[in-house]
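Summary of structural features
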Amino acid sequence: MDTTNEAALREQTTLRLEKAMGSFGTAALAKMEQQLPWFRRMPPEQRSWIGLVAQAGIAAFVEWFKSAERTRPAIAGEVFGTAPRDLMRSVKLQHTIDMIRVIIDVVETRLDELAAPGGEAQLREAILRYTRDVAFGAAQVYARAAETRAAWDARLEALVVNAVLRGEVDDGMHSWAAALGWTSKPVTVIAGYTPEDEEPEVTIDQMQLASRRARVDVLAGVQGRRVIVIVGGAADPLEASRPIAAKCGPGPVVVGPQVGDLYDSTVSARAALAGLRAAAGWPDAPRPVLAAELLPERALDGDEEARRYLVEQVYNPMCAAGAPLLDTLTTYLEQGSSLEATARLLFVHPNTVRYRLRRVAELTGLAPTDGRNAFTLRIALVLGRFSERVPRP
């Protein structure tokens, strides 16, 4: 509770503040122009709004100082209420602190003139308390704005991921991605599972942190237990997926093929999800694993794109190269990958078998002498023969 003398000093100082209040805004703007480079770079309209904010802050201080009950100022309404909402996007928290510091300096340089005789300490203490409360209030305003923006960004991110999974990759989806600052090319989609007993938001935050360390951009979304991550700007998709895979829960992590941009990202997403479903057929698959390495499991699981690829890119080139190539590969696989047994059954020299197997590897990129590749070739042979079946009448 103020004493009578303190109340009288406050009243006298208040009168002096009210008389000088009009010149404070002009002096504060002049000093900001002199000391703050970011303020000088602002367009005239925004600088005029800054002037109104400064004037509002000074007026709010005078009202606060005059009141016997010194409650914390309502920073959002009293100080920033005069400015348009767009100004919050242009003026950062650090800029706000700079503004407060300049206004303090302006008031303190005229402290002896503004305070009633004997009221200098009272006014100085009031200035410190008020500016402290304004600084805390400004931090709360920016924190709320950041939380709102983060929540909005999370919704946009989920919309982009859902659009990619549904194949609705249109200009509307690109505008959502652009609002998130997405400009990265090329693009890869990664699919895995969320960690057990972990909130989806935590999983996504961890993946975004890992992606920043790997210097790639990501958009992530969680659907049930699945987590879908769109990675942009990665030179090596498999290498870029490793830190993201480390944040996934138990189970496979599948990397879709790299595509040019978001317009083609649905292709990568379909392959990654098909691989995730079929990965159970290859328990020893590496983690992460490329969707292309799961082609036989995907084909057996009913993935039409994998079946089409194995027929068109594996079986058909061997067919075009001639029947001996197919006969040699078929015999070699049926004889347990034995060169000698294959050569005996085909009545050819083992070197001929070796040549034909090398030719298969050149045409398909799959070496029959490798166990995993041999399995893929066997599935391609079966699917190719299915494709040549004469339909039943």
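Residues numbered from 1 in each chain as written. Predicted model: local features only at pLDDT ≥ 70, side-chain atom pairs only at ≥ 80, totals over all residues. Heavy atoms only, no water.

Describing the overall build of the protein
Along its length, the protein carries 18 helices and five strands. Relative to its full complement of 393 residues, the protein shows a buried share of 43%. Element-wise, carbon and sulfur atoms account for 53% of the exposed surface of the protein, whose accessible area totals about 20,800 Å². (Helix = DSSP H or I, 4+ residues; strand = E, 2+ residues; numbered from the N terminus. Buried < 20%, exposed > 50% of the residue type's maximum accessible area, 1.4 Å probe, protein only. Areas by Shrake-Rupley, 256 points an atom, 1.4 Å probe, with all protein chains shown as cover.)

So, the pairing of strand 1 (residues 187-193)
Strand residues, when the strand is regular, have side chains that alternate between the two faces of the sheet. Of all the seven residues making up strand 1, seven are buried; the element is thus mostly covered by neighbouring parts of the structure. On strand 1, burial covers both faces: Val187, Val189, Ala191 and Tyr193 on one face and Thr188, Ile190 and Gly192 on the other are all buried. Here seven bridges tie strand 1 to strand 3 (residues 226-232), and the two strands are oriented antiparallel to one another. Across the sheet, the residue bridging to alanine 191 is isoleucine 228, located in strand 3. Pairing geometry for strand 1 and strand 4 (residues 254-255), over two bridges, is antiparallel. The residue bridging isoleucine 190 from the neighbouring strand is valine 255, located in strand 4. (Pairing = 2+ DSSP bridges.)

Topic: the pattern of salt bridges
The final tally for this structure, using the stated rule, is six salt bridges. The partner of arginine 359 in a salt bridge is glutamate 362, and the shortest N-O contact between them spans 3.3 Å. With a gap of three residues between them, arginine 359 and glutamate 362 both fall in helix 17 (residues 350-364), about one helical turn apart. (Salt bridge = Lys/Arg side-chain N within 4 Å of Asp/Glu carboxyl O.)

What to know about unusual backbone geometry
For the bond running from lysine 185 to proline 186, omega is -15°, close enough to zero to count as cis. For proline 186, the location among the structural elements is in the loop between helix 9 (171-179) and strand 1. With omega at 0°, the peptide bond leading from arginine 287 into proline 288 counts as cis. Along the chain, the position of proline 288 falls in the loop between helix 12 (265-278) and strand 5 (289-290). One non-glycine residue with positive phi stands out, namely arginine 215, at about 60°. Within the secondary structure, arginine 215 sits in the loop between helix 10 (200-214) and strand 2 (217-223). Positive phi outside glycine occurs at serine 337, with the angle close to 65°. Looking at the element boundaries, serine 337 is found in the loop between helix 15 (323-334) and helix 16 (339-346).

Description of the sheet that holds strand 2
Reading across the sheet, the five strands line up as 2-3-1-4-5 and stay open at both edges, with mixed pairing between neighbours. Unpaired on one side and paired on the other, strand 2 and strand 5 mark the two borders of the sheet. As judged from the two bridges shared by strand 4 and strand 5, these two strands associate in the parallel manner. Within strand 5, the position partnered with valine 255 by the bridge is leucine 290.

Remarks on the packing of aromatic side chains
Here a ring pair, both rings aromatic, is described through the centre-centre distance and the interplanar angle of the planes. Counted according to the given criterion, the structure contains one aromatic pair. Across the ring face of tryptophan 282, the terminal group of arginine 372 is positioned such that the distance to the ring centre comes to 3.5 Å. (Phe/Tyr/Trp six-rings, centres within 6.5 Å; stacked < 30°, edge-to-face > 60°. Lys NZ or Arg CZ within 6 Å of the ring centre and 35° of its normal.)

A short note on the packing of helix 15 against helix 16
For the pair helix 15 and helix 16, interaxial distance at closest approach is 9 Å and the crossing angle is 130°. One way to sum up the angle between helix 15 and helix 16 is to call them oblique. Viewed along their axes, helix 15 and helix 16 form a crossing whose handedness is right-handed. Where helix 15 approaches helix 16, its residues Thr328, Thr331 and Tyr332 are matched on the opposing element by Leu339, Thr342, Leu345 and Leu346. Of the residues that constitute the contact of helix 15 with helix 16, the class distribution is four nonpolar, three polar and no charged. (Axes fitted to C-alpha atoms, helices over the stretch in contact; angles between N-to-C directions. Parallel < 35°, antiparallel > 145°, perpendicular 65-115°, else oblique. Left-handed = near helix turned anticlockwise from the far one by under 90°. Contact = heavy atoms within 4.5 Å. Nonpolar A, V, L, I, M, F, W, Y, C, P; charged D, E, K, R; others polar.)

Comments concerning the nonpolar core
Ranked by internal contacts, the top residues of the largest apolar core, which has 33 residues, are Leu17, Met32, Phe61 and Leu123. At the level of secondary structure, the elements contributing two or more residues to this core comprise helix 1 (4-35), helix 2 (37-40), helix 3 (44-66), helix 6 (93-109), helix 7 (111-114) and helix 8 (120-166). Per-element accounting of this core gives the leading share, nine residues, to helix 3. Setting aside residues up to four positions removed in sequence, leucine 17 forms contacts with Phe24, Phe61, Val62, Phe65, Leu114 and Leu123. By size, the runner-up hydrophobic cluster in this structure holds 28 residues, among which are Ala177, Val189, Tyr193 and Ala279. (Core = buried A, V, L, I, M, F, W, Y, C linked by side-chain atoms within 4.5 Å.)

Section: the side chain of serine 184
Structurally, serine 184 is set in the loop between helix 9 and strand 1. The class of serine 184 is buried, set by a relative accessible area of 10%. Ignoring anything within four residues of it in the chain, the contact list for serine 184 reads Asp217, Gly232 and Gly233.

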